[in-house]
Amino acid sequence: MDSEGLDFYFETQTRRPVIMTKLRNILLSNNLVEEKKWNGPCYTSDGKNIAILHDFKEHSVLGFFKGVLINDPEKFLHAPGEHSRQSRYLKFNEPDEVDQHIDTIIDFIQQAIEIERSGKQIPKSNSDELPYPDALIRVFESDLILKEAFENLTKGRQRGYLIHFNSTKSDDTVHRRIVKNTPRILDGKGLHDCVCGHSKRMPRCDGSHKKFEN
């Protein structure tokens, strides 16, 4: 969806339309292309994702996909969560905050564009913990309830999902797997846990559900 098609979103579906419109105008004035992705406005350059806007209950957010690589000596950028290795965001509660920090906002946008043009990549973590795939991070940024439910799972259940999500390199496939397993995660279930209640090996699924399927 192009910028004109997103007008309705900015006019009717945001809690802080003035802030969101100000940020939108700044992004577009920096020669970024506006598209609808993940149910909101995303900004790209040469087909590469640069930034995204969200309007959460607590604040409006300008997020950068590779924000961890942005030079931010004043520490304005925030991490979406403790496992966020890539994305970083700026948050706003009042329109004046956008005006006060416009130079910083433009600097971060230009840095983000240059990072993509240079092909710079985020170094892989040496941690034993499995990384959160980009698609999962983006979902968590827009669905804090799901993020909290996932982080409340046992480490073993989290690991099971992360292995499943990371077993493909396709963002679209990862996103489909996340959507498919969202009800399980919200119910506190692991990838292989019983959800029908008929398993003889609770909490693990032993295939008992199959006898109830048509």
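Residues numbered from 1 in each chain as written. Predicted model: local features only at pLDDT ≥ 70, side-chain atom pairs only at ≥ 80, totals over all residues. Heavy atoms only, no water.

### Considering helix H2 (residues 17-29)
Stated precisely, the cut-off is as follows: A run of DSSP states H or I qualifies as a helix once it reaches four residues; a run of E qualifies as a strand once it reaches two. Both are numbered from the N-terminal end. The span you would expect from a helix comes to 1.5 Å times its residue count less one. The classification of residues rests on relative accessible area computed with a 1.4 Å probe and restricted to protein chains. Under 20% of the type maximum is buried, over 50% is exposed, and intermediate values are partly exposed. Arc, as used here, means the arc of the directions from the helix axis to the C-beta atoms.
Between its first and last C-alpha atoms H2 spans 18 Å; for 13 residues at 1.5 Å apiece the expected length is 18 Å, and the two agree. Buried within H2 are the following residues: Ile 19, Met 20, Leu 23, Arg 24, Ile 26 and Leu 27. Down the axis, H2 shows its buried residues gathered within 165 degrees of arc, on one side only. Note on H2: the residue one or two positions beyond its end, Asn 31, has a positive phi of about 65 degrees.

### Focus on the sheet that holds strand E3 (residues 48-55)
The strands making up a sheet associate through backbone hydrogen bonding, with each pair oriented either parallel or antiparallel. Our working definition: Paired strands, as defined in this entry, are two strands with at least two bridges between them according to DSSP. Axes here refer to lines fitted to C-alpha atoms; in helices the fit is confined to the stretch in contact. Angles between the N-to-C directions go from 0 to 180 degrees. Note on definitions: a residue-residue contact is assigned when non-hydrogen atoms from the two residues lie within 4.5 Å.
Strand order in this open sheet of five strands is E1-E2-E3-E4-E5, and the pairing throughout is antiparallel. The outermost strands of the open sheet, each flanked by one partner alone, are strand E1 (33-37) and strand E5 (88-92). Across the sheet, the mean angle from the axis of one strand to that of its neighbour is 25 degrees, orientation sign disregarded. Pairing analysis gives five bridges linking strand E4 (residues 60-64) to E5, with the strands arranged antiparallel. Paired with Leu 62 across the two strands is Leu 90, which belongs to E5. Along the sheet face, H2 touches E1, strand E2 (40-45), E3, E4 and E5 and points at about 170 degrees away from the line of E3. Docked against the sheet, helix H4 (residues 102-118) engages E2, E3, E4 and E5, running at close to 145 degrees with respect to E3.

### As for the nonpolar core
Keep this limit in mind: The nonpolar core is taken to be a set of buried Ala, Val, Leu, Ile, Met, Phe, Trp, Tyr and Cys residues, with the residues joined through side-chain atoms within 4.5 Å.
Within the largest apolar cluster, 28 residues are counted, with the highest numbers of intra-cluster contacts made by Leu 62, Phe 64 and Ile 105. Breaking this core down by element, the ones donating at least two residues are helix H1 (7-12), H2, E3, E4, E5 and H4. Considering each element in turn, this core owes the most residues, six residues, to H4. What Ile 105 contacts, discounting residues up to four positions off in sequence, is Leu 23, Ile 26, Leu 62, Leu 90, Phe 92 and Val 98. Grouped together as the second largest cluster of nonpolar side chains are 16 residues, Tyr 132, Ala 135, Leu 146 and Leu 153 included.

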